[in-house]
Amino acid sequence: MIFERPLRMLALLVSAAAMIFAAAPAHAEHLRYSWQSVEGVHLFFREGGPANGSTIVFLHGNPASSIMYEEVMRRLADKGMHVIAMDYPSFGYSDAPDRARYRYDFDHLAATVAGFLKARGINRYALYMQDYGVPSVSG
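Residues numbered from 1 in each chain as written. Predicted model: local features only at pLDDT ≥ 70, side-chain atom pairs only at ≥ 80, totals over all residues. Heavy atoms only, no water.

Draft legend 1. Structural detail: the overall build of the protein. Summing up its helical and strand segments, the protein has 3 helices and 5 strands in all. Starting at the N terminus and walking to the C terminus, you meet the elements of the protein as α-β-β-β-α-β-α-β. Taken over 139 residues, the protein has a buried fraction of 35%. Pairs at least 24 apart in sequence give 69% of the contacts found in the protein among residues at least 6 apart. Carbon and sulfur atoms provide 60% of the accessible area of the protein, an area that totals close to 8,700 Å². (Helix = DSSP H or I, 4+ residues; strand = E, 2+ residues; numbered from the N terminus. Buried < 20%, exposed > 50% of the residue type's maximum accessible area, 1.4 Å probe, protein only. Contact = heavy atoms within 4.5 Å. Areas by Shrake-Rupley, 256 points an atom, 1.4 Å probe, with all protein chains shown as cover.)

Here's what the structure looks like:
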């Protein structure tokens, strides 16, 4: 009774939002999602664009994940750039290994990033990073 009108309004808004998002063009096909094993740690990553394009490596901040770059990655991939972003160990969809198995410090994280790029065959790239990403490649 007292909640009937607000609930109907909420249902109407949810239905309208669903129709808008269903009608919007999907861009997911521009990015691929996968895992790369580095030192036995499965790292989730997003990648898009042609492998022979100029590469931009995105390193996320704390406490984020690679999803923070998804929209800009899509746009750059649409322009022919090769883009890639991994989730650090214990972030996003990547494994969160026990401290007995993985040393959580910036030197080891930098080695993990380097191992990830080597495993993906990426040796020439530009970096785009935020806070936590800076010491992750400084090692």
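Draft legend 2. Fine view of the environment of Phe58. Note on placement: Phe58 falls in strand S3 (residues 55–59). If near-sequence neighbours (up to four positions away) are discounted, Phe58 is found in contact with Tyr69, Val72, Met73, Leu76, Val83, Ile84, Ala85, Met86 and Tyr128.

Draft legend 3. View of the sheet that holds strand S2 (residues 41–48). Judged by pairing direction, the sheet is mixed, and its 5 strands sit side by side in the order S1-S2-S4-S3-S5 without closing on themselves. If you trace the sheet from one side to the other, it starts and ends with strand S1 (31–38) and strand S5 (126–129), each paired once. For this sheet, the mean inter-axis angle between neighbouring strands, taken without regard to orientation, is 25°. Pairing of S1 with S2, which is carried by 8 bridges, proceeds in the antiparallel orientation. Within S2, the position partnered with Trp35 by the bridge is Phe44. Contacting S1, S2, S3 and strand S4 (82–86), helix H3 (residues 106–119) runs over the sheet at an angle of about 115° to S1. (Pairing = 2+ DSSP bridges. Axes fitted to C-alpha atoms, helices over the stretch in contact; angles between N-to-C directions.)

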